[in-house]
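Architecture and fold: a report
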Amino acid sequence: MKKYLIALFMAVLPVTAMAAGGGAPLDHIEVDLENKPSLQRGMATFVNRCLGCHSADYQRYERAANDIGLPPELVQEYMIFGDQKVGEQMHNAMSKDDAANWFGNPPPDLSLEARLRGPDWIYTYLRSFYQDPARPWGVNNVVFKDVGMPNVLEDLQGVQINNCTPEELLHHGDAEIDPLTGARMSECLTVVDGTGKLSEEEFDQTIYDLTNFLTYMGEPYRLESERLGTKVLIFLAIFFVFAYALKKEYWKDVH
Ligand code: HEC
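Reading the values: rules and limits
Residues numbered from 1 in each chain as written. Predicted model: local features only at pLDDT ≥ 70, side-chain atom pairs only at ≥ 80, totals over all residues. Heavy atoms only, no water. Helix = DSSP H or I, 4+ residues; strand = E, 2+ residues; numbered from the N terminus. Expected span 1.5 Å × (residues − 1). Buried < 20%, exposed > 50% of the residue type's maximum accessible area, 1.4 Å probe, protein only. 1 Å grid on protein atoms, 1.4 Å probe; cavity = no way out; pocket = protein on both sides within 12 Å on 5 of 7 lines; lining within 4 Å. Points joined across faces, edges and corners; volume = space filled by probe spheres on them. Nonpolar A, V, L, I, M, F, W, Y, C, P; charged D, E, K, R; others polar. Axes fitted to C-alpha atoms, helices over the stretch in contact; angles between N-to-C directions. Left-handed = near helix turned anticlockwise from the far one by under 90°. Contact = heavy atoms within 4.5 Å. Core = buried A, V, L, I, M, F, W, Y, C linked by side-chain atoms within 4.5 Å. Donors = N, O, S within 2.8 Å, 3.2 Å for Na, K, Ca; no water. Tetrahedral: all angles 85-135°; square planar, octahedral: opposite > 155°, others 65-115°. Salt bridge = Lys/Arg side-chain N within 4 Å of Asp/Glu carboxyl O.

As recorded in an unreviewed UniProt entry, the protein chain goes by the name Cytochrome c1, listed as coming from Marinobacterium nitratireducens.

And the structure:
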């Protein structure tokens, strides 16, 4: 028995170790795939702001539209640029070689990104670009050092500057939250007033919605499986009553 327990522990160990990861601390969010308005806003941001460079080749527009409650005709009209049809995958026309020349690394396909990195990482990454004149696009990132992606949401967030040394920056979340008030105590990154179109809360909400949508894309069947799972459990509960009654009937003469 003990041996089995140890084997089980060993099997689970690498998963938890991987989830912990290294590097800068991440801001935590609870994704909510039942929140359709959030997923719809996330999809709008994704097609407007990300699809120009990144593709989502495992996701069809129509499937996403149906899953998150958008009429496919509206998606065809307002969310598809170029001559793609709503039944097609979310491709883009950028060639991988050109992209590698422009950015150093080509922008990866984002269909499975949330499964690869996790929602917390994406949420933190998109809010952690800061000004760094030494980099080709003038920005660096706390959780992705020397990133090849420009800060494509800077007009919304504003120019973010870093007040810490690289070492402090890496640990900026450690002592950041005041346990009593929940307020941030030492802020490494601050947005220059008046440079962004959105307030901090609005920007965080935009990124939350976008991350929610990326999480949905990673597991488009999850919503469906959860609904089906509930039905199966209800069925099993009802079935149990009959099975139990039948068992009693069979055994009644034995005792
Ligand atoms: C101008 C082109 C461009 C746009 C627009 C763009 N990205 Fe990127 N993105 C890149 C490039 C290039 C990389 C690869 C960076 C590297 O490897 O150094 C990247 C990397 C990423 C990564 C990290 C991938 C990894 O390595 O795990 C994520 C996540 C990401 N982008 C999300 C987004 C989201 C979400 C949007 C829309 C808000 C977006 N990107 C818009 C160019 C772009």
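Below, the discussion takes up helix α10 (residues 200–218). The end-to-end C-alpha distance of α10 is 27 Å, a good match for the 27 Å that 19 residues give at a rise of 1.5 Å each. Taken across its 19 residues, α10 has 15 buried, putting it largely inside the fold.

So, about the layout of surface pockets. Here the second largest pocket is characterised by a volume of approximately 550 Å³. Looking at the second largest pocket, it is lined by 28 residues, and the ones nearest its centre are H54, P108, L110, Y125 and M149. Of all the elements in the fold, those that place two or more residues in the lining of the second largest pocket are α6 (113–117), α7 (119–126) and α10. Across the lining of the second largest pocket, the residue classes tally to 21 nonpolar, four polar and three charged.

Our focus in this paragraph is the packing of α7 against α10. Each packed pair of helices is defined by two parameters, the angle between the axes and the distance between the axes. Packing of α7 against α10 brings their axes to within 9 Å, and their N-to-C directions diverge by 145 degrees. By crossing handedness, the relation of α7 to α10 is classed as right-handed. Judged by residue contacts, P119, I122, Y123 and L126 of α7 engage F203, D204, I207, Y208, L210, T211, L214 and T215 from α10. Grouping the constituent residues of the contact of α7 with α10 by class yields nine nonpolar, two polar and one charged.

With that out of the way, let us pick up the nonpolar core. In this structure, M43, F46, Y61, V75, M90 and F213 are the most contacted members of the largest nonpolar core, which totals 49 residues. Elements that contribute at least two residues to this core include exactly α2 (36–49), α3 (61–68), α7, β3 (129–131) and α10. No other element matches α10, which puts eight residues into this core. When sequence neighbours within four positions are dropped, the list of residues in contact with M90 reads M43, F46, V47, L51, S55, A56, D57, Q59, Y61, F213 and M217.

Here we come to the coordination of the iron atom of the ligand. The iron atom of the ligand binds to the protein through H54 (NE2) and M149 (SD); the donor distances cover 2.0 to 2.1 Å. Geometry at the iron atom of the ligand is octahedral, judged from the six donor atoms that bind it and their angles of 88 to 177 degrees at the metal. With H54 in the loop between α2 and β1 (56–60) and M149 in the loop between β4 (139–141) and α8 (154–157), this residue pair connects regions lying 95 residues apart in the sequence. You'll find H54 and M149 in the same group, each marked buried.

All told, the structure shown has 13 salt bridges when counted by the stated rule. The closest approach of N and O atoms between D209 and R41, which form a salt bridge, is 2.7 Å. In this pair, D209 is assigned in helix α10 and R41 in helix α2, connecting sequence segments 168 residues apart. Residue class for D209 comes out buried when judged on its relative accessible area of 3%.

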